[in-house]
Structures are given as structure tokens and as C-alpha cells.
Amino acid sequence: KSTCRFNHKAQDEGLNTAFEQLLGEMNIKRRVSLYRNAKIKSPLLIGFFNPKVLLPKTTSTLEGDVMILRHELMHLKRGDLYYKLLMQLCACVNWFNPLVWVMAKVSDADLENACDEDVVKNRAEDFRHNYCESILKVVRAQKSREPVLAAGFSSRPSEIKLKLYQNGVLHK
């Protein structure tokens, strides 16, 4: 809730147009809002019933923002927030079991990997490269942890790069 106080509708016409085009391209029928937020360092997807994509107040380029939006909207399309909710409920109910906490963390990483794979599936090499660069820029700029029930970037840059190589998203 404290994060939402600082949300402001995205004012950039180019970004809003690209966002609407992405919604159509990805066949997302739900109403999704796009906001800028000065208090966050990393893009987030929040909201089960009224989904919102939050972008940091300052980001790099329109092309980079579109790549990030594609990633966040893929989380929405895949229903990743519901999986995160399920994992957090399991961890809360089984708070005493460290294996459940490990399972939740590994599950979170798997959701990110699967999302990345879906975004770059059947895409050209230059698209994959630009996507990887956009993700790495965001992760490098990130200083704080994301909320538990938000889909965002959750690893260090070196871990992200390794995962992207392992998944064939980025090539040496």
C-alpha cells in the first residue's frame, strides 16, 4: 500500500502507445494500468484483480522500457502472481520448515526463467540481445528487495546473466 501512494499514471505518450500495442500483441484482454513510481528501483507487476505495471520514475530508453513491459506483461499472462501467492502461503503455513522456504525461493527463480524464455521464444538474435541488456540494466540499478507478492527482478546481475546463458536467451 505504501508503494501505491507514489504511483502516477505514465505520461509518456510513446510509452503508453507501446503499452497498448503490447497488450494487443500479447492478447491480454484484462484492463491493466501503467504507472511510474519514484519510490521503486525495479519494475513490478502488482494486483490480482486490478493489475498494475509499475516502472521506476527514471528509466533508460523507450526500447528498454518496452522490453521490460513485455517481461512484466508475460508474468500477467502466465498468472505468475498466483503461483507466488501459493508459494508464500505454503511458506507461511510451514514457516518452521526451511525446505519449504528454499522451495519458494527456487520456485520464484523458475518463474523468472520461464518468463524470460517465453518472452524470447521464436525471436531473432538481436531481439534476445536487446532483451538481455534491458533486464541486466534494471537488475544493476536495483538496490532494494521487491514486495513478496509482486513479479519483478529478484537476482544479482551475475546470476541473471548466468541464467540467461543457461536458458539460451543470451549467447556467448
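About the criteria used
Residues numbered from 1 in each chain as written. Predicted model: local features only at pLDDT ≥ 70, side-chain atom pairs only at ≥ 80, totals over all residues. Heavy atoms only, no water. Helix = DSSP H or I, 4+ residues; strand = E, 2+ residues; numbered from the N terminus. Buried < 20%, exposed > 50% of the residue type's maximum accessible area, 1.4 Å probe, protein only. Salt bridge = Lys/Arg side-chain N within 4 Å of Asp/Glu carboxyl O. Pairing = 2+ DSSP bridges. Axes fitted to C-alpha atoms, helices over the stretch in contact; angles between N-to-C directions. Contact = heavy atoms within 4.5 Å.

S.K.: What is the right way to look at the overall build of the protein chain in this model?
M.R.: Each helix and strand counted, the protein chain has 6 helices and 4 strands in total. Across the protein chain, helices and strands are ordered from the amino to the carboxyl terminus as β-α-β-β-β-α-α-α-α-α. Sorting the 172 residues of the protein chain into buried and exposed places 45% on the buried side.

S.K.: Help me understand the pattern of salt bridges in this model?
M.R.: Think of it this way: side chains of opposite charge can pair up when their charged atoms draw near. Applying the stated rule across the entire model yields 7 salt bridges. The partner of Lys 121 in a salt bridge is Asp 118, and the shortest N-O contact between them spans 3.5 Å. Taking relative accessible area as the criterion, Lys 121 reaches 48% and is therefore assigned partly exposed. Judged by its relative accessible area of 25%, Asp 118 falls in the partly exposed class. Look at the salt bridges and you will find they share partners, linking Arg 78, Asp 80, Asp 118 and Lys 121 into a network.

S.K.: Got a minute to help me understand the sheet that holds strand E4 (residues 52–56) in this structure?
M.R.: Neighbouring strands of a sheet are bound in pairs by backbone hydrogen bonds; such pairs are parallel or else antiparallel. Taken together, 4 strands build an open sheet; the order of strands is E1-E2-E4-E3 and the sheet is mixed. Looking at the sheet topology across the chains shown, the edges are occupied by strand E1 (7–9) and strand E3 (44–46). Here the average twist between neighbouring strands, direction ignored, is 35°. Bridge count for E3 against E4 is 3 bridges, and the pairing is antiparallel. Counted as the bridge partner of Leu 45 is Val 53 from E4. Across the sheet, helix H2 (residues 62–78) lies against strand E2 (33–37), E3 and E4, angled at about 150° from E4, the strand it touches most.

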